[in-house]
Each structure stands twice: as structure tokens, then as C-alpha cells.
Amino acid sequence: MDFIADKAKSTAKKMGKRGAEKLLRKMGGGETRDRKFDDLEHSFTKQVMQSEKLRKEMKRYLDMSKEARKALKNVHDVLGDFYEDSWPKSEEFQLCLQDQEQLWSNFERQIHNLRDPIRRYELQFQDIQERSEKRKNKLLDFDFARRQLEKSYNDAKCSDGKIRQAEDEFDDKERDYMEINQDLLTDMPQVINSRIGFMMECFGNFCWAHETVACESYKVQTTMAEIIRGLGNQPIAVPVGRPGRGRRGESKRQGTRDTQPGGAYVTGPGQRGNTVQQNQLGGHAMGYGPGTSGVAPGGPNGVGMGGGGGAGHRMMQGSYDNRPGRELKIES
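I will try to describe carefully the structure that is included in this document.

Rules of the game
- Residues numbered from 1 in each chain as written.
- Predicted model: local features only at pLDDT ≥ 70, side-chain atom pairs only at ≥ 80, totals over all residues.
- Heavy atoms only, no water.
- Axes fitted to C-alpha atoms, helices over the stretch in contact; angles between N-to-C directions.
- Helix = DSSP H or I, 4+ residues; strand = E, 2+ residues; numbered from the N terminus.
- Parallel < 35°, antiparallel > 145°, perpendicular 65-115°, else oblique.
- Left-handed = near helix turned anticlockwise from the far one by under 90°.
- Nonpolar A, V, L, I, M, F, W, Y, C, P; charged D, E, K, R; others polar.
- Contact = heavy atoms within 4.5 Å.
- Disulfide = S-S within 2.5 Å.
- Buried < 20%, exposed > 50% of the residue type's maximum accessible area, 1.4 Å probe, protein only.
- 1 Å grid on protein atoms, 1.4 Å probe; cavity = no way out; pocket = protein on both sides within 12 Å on 5 of 7 lines; lining within 4 Å.
- Points joined across faces, edges and corners; volume = space filled by probe spheres on them.
- Core = buried A, V, L, I, M, F, W, Y, C linked by side-chain atoms within 4.5 Å.

Turning next to the packing of helix α4 (residues 115-154) against helix α5 (residues 160-193). Two quantities define a packed helix pair, namely the angle between the axes and the distance from one axis to the other. At a minimum axis distance of 8 Å, the contact between α4 and α5 shows a crossing angle of 155°. When the interaxial angle is binned, α4 and α5 end up roughly antiparallel. Read as a crossing pair, α4 and α5 show a hand that is left-handed. Classifying every residue of the contact of α4 with α5 gives 15 nonpolar, 4 polar and 13 charged.

Written out as C-alpha cells, the structure is:
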């Protein structure tokens, strides 16, 4: 209990001296300054503030990258459904979309991993900050002891014993202050110069991640552009009919094709009240209209009939003269 009581008294006395020194400083009493340390402390404080801002902005950038990847996937889903399965290089086009999404997933993971070097970089700040706070207290003790020694020298009534006591107190406080001050003068430049290694690791990886996604995306986008431009180099029939399922999980419209020469895509049943027209191509007829639609054999002159129409529907018969320069004739 005595030890605790003595420790409490010592702490209270020490806090009282430090409080008095702070008051004297505010009143213009002055303080011991180390210009070299002040410059280092300024650089260190600036570095801490920059690191905190970097951490916040990097998190914001990562959040935006996640949203960009989601938006890209949504667009790719639509493009994948747009591109019909029957079109040239459909599978290659779908693989390009998947490759592009994978590139952005890798980019997002690389940006996420940049938090580790930032965290390691900031860990070294805590030790310097704690020792800087101790230095401030040691400096208060040192300046208070210095003022007391000066007061003893200037007091003609002060005994030699009190002067020696003030000198011993000053020597102790000076030693404590100089020791921690010198340690910080040695260690703070190392922390400040660690920015170089941090730049190489953090920002180097940041630039490399962007370079990778840009170069690889260029290759993928070039392939996709070539595939899309190739659609104009060959005839592509538009599929119609009942919708099917797309490659990426959405419905696509599909049709059936008569593979015989001159064949065409055939739709399903027509709507009530529509006119039914029959066209004979290569000995077969294609019909639009209500009721049953189908293909019927053509007559001697290539005249064919489609499925029967319901009441109130007008039927049109067409014949095709296959001689050169002739065209489809419609007979009502």
C-alpha cells in the first residue's frame, strides 16, 4: 500500500510540474527547441495524414471497382443473349465475354490485396507516435528542471545544498530527454524514407494491375470486334418462332428452316383475321394464316396451297414461273 501511495504522490507531483511548465509556455516563458527534430516531425505528421487519406480513397476505389464489375457483367449478359447461337463463332463470342469478366475479377482482387501493404506501412507509425508523446513529457520535465536551476542560481538566499539538488534534478531530466530525442532522430528518418519501398510495392502493384487489365482487355475486345464485324460478311437468317433458351440463361427466338434448295424459315400459326398468302419455292409452299400452317406439294405449274383458313379469311393463290425474267404471280 505504501508503494502505491508513494507512486501516486510521485505521479501527482510530476503532473503538477508539467502543468506549471505548460502554463509558463503560454505566458511566453519559451521552451527548448530542436530544429532538426521539428523538421522530421513535420514530415512524419504529413506522411501519416497522407497514409490515412490513401487508405480511405483506396477503399472507395475498391467499392467503385466492384460496382463497375457488376455493371460490366450485366452488359455482358445482355450481349450474350443478343448474339444468337446460330450466328458464326457464337461459342467464341461467349468465351470472350467470360474472359473479360474474369479479367475484371482478377483486377478487383489485386486492388483488394493492396490494403495489406498499406496496413503494414501504417503499423510503424504507432511506435513513433507513442515515443513522440513521451518525448513531449520528457521535454516538459527538462524545461521545468532548467527553470528551477536558473532560479536557484539567481536566488542569493538559496543554499548550496538546494543548488546541488537542483543541478542533480536537471542532469537527470536532461539525460532522459536527450536519450529519447536522439532515438527519435535516428528512427524517424528510417520511417520517413520507407515511403520509397512502399511506393514500389503498393503503387507498383496498382499500376501493374491496371496495365494487365488494359492490355488483356485490348486483346479480348479486339477478338470480339473481329467477330462482330464478321457478321456483315455472310448472310444471316433471322430466326423466328417459339422462344428457346439462350446460352446465358435468357430466352432467344428460334425458327425452323427448310434445308432444301430455295427453302425458307416457316412461322407458326397466323392470327385470326389475317390474309393468308402462299408462295411456292422449289415445289413447296409456305403459308401464313390461321388454322394449320404447313408445306404442301406444288402442282404441275408450281402452284401450292397452304393450310386451310377459317371463316371470314380470304385465300390468295400464287404461282411461280421459273423461267428467266419471270416473277411471282398472285391470283385472288
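The rest of the description comes next.
It is worth spelling out the packing of helix α2 (residues 35-82) against α5 at this point. Interaxial distance between α2 and α5 falls to 10 Å at its minimum, and their mutual angle equals 40°. One finds that α2 runs oblique with respect to α5. Between α2 and α5 lies a crossing whose hand is left-handed. Only Asn181, Leu184, Leu185, Met188, Pro189, Val191 and Ile192 of α5 make contact with α2, whose side of the interface consists of Lys36, Phe37, Leu40, Glu41, Ser43, Phe44 and Gln47. Residues that form the contact of α2 with α5 fall into these classes: 9 nonpolar, 3 polar and 2 charged.

Turning our attention to the state of the cysteines. Taken as a whole and judged by the stated rule, the model has 0 disulfides. Left without a disulfide partner, Cys202 is nearest to the cysteine sulfur of Cys207, which lies 9.5 Å away. Residue Cys202 is classed as buried on the basis of its relative accessible area, which comes to 0%.

Looking at the largest pocket, its volume works out to about 410 Å³. Lining the largest pocket are 14 residues, and of these Gln148, Ser152, Lys162, Gln165 and Ala166 sit closest to its centre. Listed by contribution, the elements that provide at least two residues to the lining of the largest pocket are α1 (2-26), α4 and α5. Counted by class, the lining of the largest pocket contains 5 nonpolar, 3 polar and 6 charged residues. What the second largest pocket holds in volume is close to 210 Å³. Every residue lining the second largest pocket is counted, 13 residues in all, and those nearest its centre are Arg25, Glu31, Arg135, Lys136 and Leu139. Secondary-structure elements contributing two or more residues to the lining of the second largest pocket are α2 and α4. Taken together, the residues of the lining of the second largest pocket sort by class into 3 nonpolar, 2 polar and 8 charged.

This part covers the nonpolar core. Counting 32 residues, the largest nonpolar core has Phe44, Ile111 and Met188 as its most contacted members. Broken down by secondary-structure element, the contributors of at least two residues to this core are α2, α3 (90-113), α4, α5 and α6 (195-230). Residues contacting Met188, with those up to four places away along its chain left out, are Phe37, Leu40, Glu41, Phe44 and Ile128.

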